[in-house]
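Next come the chains, spelled out residue by residue.
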Amino acid sequence: MPKHYRPPGKKKEGNVAKYVTRSQAVKLLQVNLSTFRRLCILKGVFPREPKKKVKGNHHTYYHLKDIMFVKHDPLLEKFREMRTYDKKLKKAVAKKNKDLYERLRTRKPTYTLDRLILERYPKFADALRDLDDCLSMVHLFAALPALERENIEVKRIHNCRKLSHEWQAYIARTHKLRKVFISVKGIYYQAEVEGQKITWLTPHALQQVLPDDVDYNVMLTFLEFYETLVAFVNFKLYHSISVKYPPILDPQLEALAEELYALSRYLDANTRSSRPSGSNQVESQENEKQHDESDLRLAQLQHQLPHNEPGALMHLVEDAAGEDEEDEDTKECENLFKDMKFFLGREVPRESLLFVIPAFGGIVSWERDGAPFREADQSITHQIVDRPTQGHIFLSREYVQPQWIYDCVNARIILPTEGYLVGRVPPPHLSPFVDNEAEGYVPDYAETIKHLQAAASNEVLPMPGTVKEDLEDPQRLLVEGIIDRAEANEAAEKKRKMATLEKQYHDELKLELEGAQYSSSMINQNMESNAASGEAREKPVPDLQQIADDSANMSKIVMSRKKRRLLEAMEIGKKRKQANVDLLKERKKKSEAGQSSKEK
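Residues numbered from 1 in each chain as written. Predicted model: local features only at pLDDT ≥ 70, side-chain atom pairs only at ≥ 80, totals over all residues. Heavy atoms only, no water.

Draft legend 1. Geometry of the overall build of the protein. Assigned secondary structure in the protein consists of 25 helices and 9 strands. The proportion of buried residues among the 600 residues of the protein is 31%. Excluding contacts between residues fewer than 6 apart, the proportion of contacts in the protein whose partners are at least 24 apart in sequence is 60%. (Helix = DSSP H or I, 4+ residues; strand = E, 2+ residues; numbered from the N terminus. Buried < 20%, exposed > 50% of the residue type's maximum accessible area, 1.4 Å probe, protein only. Contact = heavy atoms within 4.5 Å.)

Draft legend 2. Local environment of the pairing of strand 5 (residues 196–202). Side chains Q196, I198, W200 and T202 project from strand 5 onto a buried face, and the interleaved K197, T199 and L201 project onto a face without burial. Relative to strand 5, strand 4 (residues 187–193) is paired through 7 bridges, and the arrangement is antiparallel. Bridge pairing in strand 5 places E192 opposite K197. (Pairing = 2+ DSSP bridges.)

Draft legend 3. Highlighting the packing of helix 10 (residues 154–174) against helix 11 (residues 216–240). The contact between helix 10 and helix 11 brings their axes to 10 Å, and the two run at 35°. Of the two possible hands of crossing, helix 10 and helix 11 adopt the one that is left-handed. Every residue of helix 11 that contacts helix 10 at R156, N159, C160, L163, E166, W167, A169 and Y170 is listed here: L220, L223, E224, E227, V230, A231, V233, N234, L237, Y238 and S240. Residue composition of the contact of helix 10 with helix 11, grouped by class: 12 nonpolar, 3 polar and 4 charged. (Axes fitted to C-alpha atoms, helices over the stretch in contact; angles between N-to-C directions. Left-handed = near helix turned anticlockwise from the far one by under 90°. Nonpolar A, V, L, I, M, F, W, Y, C, P; charged D, E, K, R; others polar.)

Draft legend 4. Looking closely at the pattern of salt bridges. Under the definition given, this model contains 20 salt bridges. Note that E227 and R156 form a salt bridge whose closest N and O atoms lie 3.2 Å from each other. Note that E227 is positioned in helix 11 and R156 in helix 10, a separation of 71 residues in sequence. The exposure class assigned to E227 is buried, which follows from its relative accessible area of 9%. Of the charged contacts, one joins K588 and D444 as a salt bridge, the two residues approaching to 2.8 Å between their closest N and O atoms. Here the residue K588 occupies a position in helix 25 (residues 561–599), and D444 occupies one in helix 20 (residues 444–456), the gap between them amounting to 144 residues. Accessibility expressed as a relative area gives 27% for K588, which makes it partly exposed. (Salt bridge = Lys/Arg side-chain N within 4 Å of Asp/Glu carboxyl O.)

Draft legend 5. A look at the sheet that holds strand 5. In space, the 3 strands of this open sheet follow the order 3-4-5, with antiparallel pairing throughout. Of all strands in the sheet, those bounded by a partner on one side alone are strand 3 (177–182) and strand 5. In this sheet, neighbouring strand axes are inclined to one another by 15° on average, regardless of whether the strands run parallel or antiparallel. Summarising the sheet, strand 3 and strand 4 pair through 5 bridges and their orientation is antiparallel. Along strand 4, the bridge assignment pairs K179 with Q190.

Draft legend 6. Geometry of the nonpolar core. Core analysis: the biggest nonpolar cluster contains 100 residues, and W167, L177 and V356 have the highest contact counts within it. Considering each element in turn, this core owes the most residues, 11 residues, to helix 11. Residues lining this core come from more than one domain, with at least three contributed by each of domain 1 (15–106) and domain 2 (127–276 + 285–319 + 330–399). If near-sequence neighbours (up to four positions away) are discounted, V356 is found in contact with L177, V180, Y189, I405, Y406 and V409. (Core = buried A, V, L, I, M, F, W, Y, C linked by side-chain atoms within 4.5 Å. Domains from an automatic or database assignment.)

Draft legend 7. Geometry of the packing of aromatic side chains. Using the criterion set out here, one finds 15 aromatic pairs in the structure. Plain terms: the ring middles of W167 and W200 are 5.7 Å apart, the flat faces sit at 80° to each other, and that makes the pair edge-to-face. One end of the pair, W167, is in helix 10; the other, W200, is in strand 5, with 33 residues separating them in the sequence. Both residues of the pair, W167 and W200, belong to the buried class. In this structure, K341 packs its charged tip against the face of F373, placed 4.2 Å from the ring centre. A cation over an aromatic ring shows up here: R397 above the ring of F394, its NZ or CZ 4.1 Å from the ring centre. (Phe/Tyr/Trp six-rings, centres within 6.5 Å; stacked < 30°, edge-to-face > 60°. Lys NZ or Arg CZ within 6 Å of the ring centre and 35° of its normal.)

Draft legend 8. Just helix 5 (residues 74–94), in detail. Given a rise of 1.5 Å per residue, 21 residues ought to cover 30 Å, and the 31 Å separating the end C-alpha atoms of helix 5 matches this to within 8%. For helix 5, every residue scored as buried is listed here: L75, L76, F79, M82, Y85, L89 and A92. Against the buried residues of helix 5 lie helix 2 (22–29), helix 3 (33–43), helix 4 (64–71), helix 6 (98–105) and helix 7 (114–120). By the N-cap criterion, in which a side-chain oxygen at the helix start approaches the backbone nitrogen of a residue two or three places on, helix 5 is capped by D73, the distance to L75 being 2.8 Å. (Expected span 1.5 Å × (residues − 1). Polar contact = N/O pair within 3.5 Å; in protein donor to acceptor, adjacent residues only side chain to side chain.)

Draft legend 9. Examining the packing of helix 17 (residues 350–359) against helix 18 (residues 403–411) more closely. Packing of helix 17 against helix 18 leaves a shortest axis separation of 11 Å and a crossing angle of 35°. For the element pair helix 17 and helix 18, the recorded crossing hand is left-handed. Along the contact surface, helix 17 presents S352, L353, V356 and I357, while helix 18 presents I405, Y406 and V409.

Draft legend 10. Layout of the environment of P349. As for its position among the elements, P349 is in the loop between strand 6 (341–344) and helix 17. Residues P349 and V385 lie 36 residues apart in sequence; the distance between their C-alpha atoms is 10.0 Å. Residues in contact with P349, not counting those within four places in the same chain, are P402 and Y406.

Draft legend 11. Region of the structure containing unusual backbone geometry. P246 follows Y245 through a cis peptide bond whose omega is 0°. As for its placement among the helices and strands, P246 is situated in the loop between helix 11 and helix 12 (251–255). Even without a glycine there, the phi angle at N151 is positive, about 60°. By the secondary structure assignment, N151 is in the loop between helix 9 (132–142) and helix 10. Among the residues examined, N151 registers a relative accessible area of 48% and is labelled partly exposed. The backbone of E194 sits at a positive phi, close to 55°, despite the residue not being glycine. Within the secondary structure, E194 sits in the loop between strand 4 and strand 5. When its relative accessible area of 52% is taken as the criterion, E194 is described as exposed.

Structure representation (structure tokens):
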């Protein structure tokens, strides 16, 4: 009997029973390939990589449990009904039966994805954790033009724009924005909502060109799910600050395409009206306290409170009555642009600045109808422009480039405006998502910002050039890879000179205590004799690089093969990182040389 012989009727085992190919899954579900892809996207089913590919390497495999999960979903039957409906509609059109066609148009089957959202994200933190790609996709389609041949409808674009503005209005109102970075791809934002860091990308406000090598049907399926998810998240977040959702906007501002400003006004009005004042506030606090006490009694009946702990009820009442205090980051962000008024020029990225400036406590206006205040307002402190010449200049305000706003946001301090004045080349725009210390290269402007932050917080930084490694053994530092061979030789020479000077100082003190009369010639003679004796007693400087190589080789010998390969991979990564640092230093030298040649 062959080794892998399986009698007929016996149950399958191993990877054959666990995984199925895509063609087998399509045959099992009895749908076409496009419907199968759509179901997998909406249900969150993705291909797997089995250890042993039974059907070969050229197949796509899915877990059998995932396919059975899709098979028993009500959405599958709804898609079958929609496919049948499309066939009936085409048949009525082909037969030119107008009455049947009109009846069928009013009976089109519909479906919602609300159940899938609750199924895939049982907790709100799970939805926030999976919101990065969702927000990027929604902001992308909010900037795309409508295109009929790709089934990108105008209604879809308007819905994405509405959802993105609602999200930005909440982040700006609660001051949850943390980082901003402008790149070639677009503008990166990072916010922190309920302990979850959410990063998304917004395209630049330019004319978007749709490439032909993109499958827009797959993207529209993802967008269909993401729209529902963002609507659920916005609903939860708006209700957390006691604001009704969906918001009701001012029709005049909405007609002027100022949805973000209309949303900010709506949030300000509703949050203020939701705060009770005077006697109403006292009555509402008493009602809330009675409601909390009834909840606590119910919890005690359900054995949810410790009976033996004294004062447990009182502690819970105090916790329920107390308001949630804002964290330090939120307070710092809220007061960054406090008591500052900004006016935006026509050439700057208006939507981005309308989102960023209020998120950090500033007041902003622009040059269009529906703006809060005009350009001639004397209380404006900064005007954001990006043109070398201005028609009219007000002496009571500063004219800066838009990069100043983003750099101040990332540094969390108000930076000097001298480098960002109109007509000047601004400093480099540093990414807040890069850890310069871990990368091994700290730009000069990052050091400048660090010193400005220390001065703002009244901290004292160490003197430049005085580090802890200067006082340690250069041989050990070379072995550990902290310094290279040239730095180790220089440190050893410096240590030898310090020892010689120290010995000379002690000899002079000894002569002075003995009362001996010595002249400058005696001092020089003693110095020469000390130097000669020091050179005679001095040991030759060992080859530190050879010592480091020997110790590394000895440690590699006793390693297993797996650990040795891991160490080699780590060394390759360090060399690659060092090569990038060297490239940046070389570019810096070339740029400095070019600037010096231009000045000459």
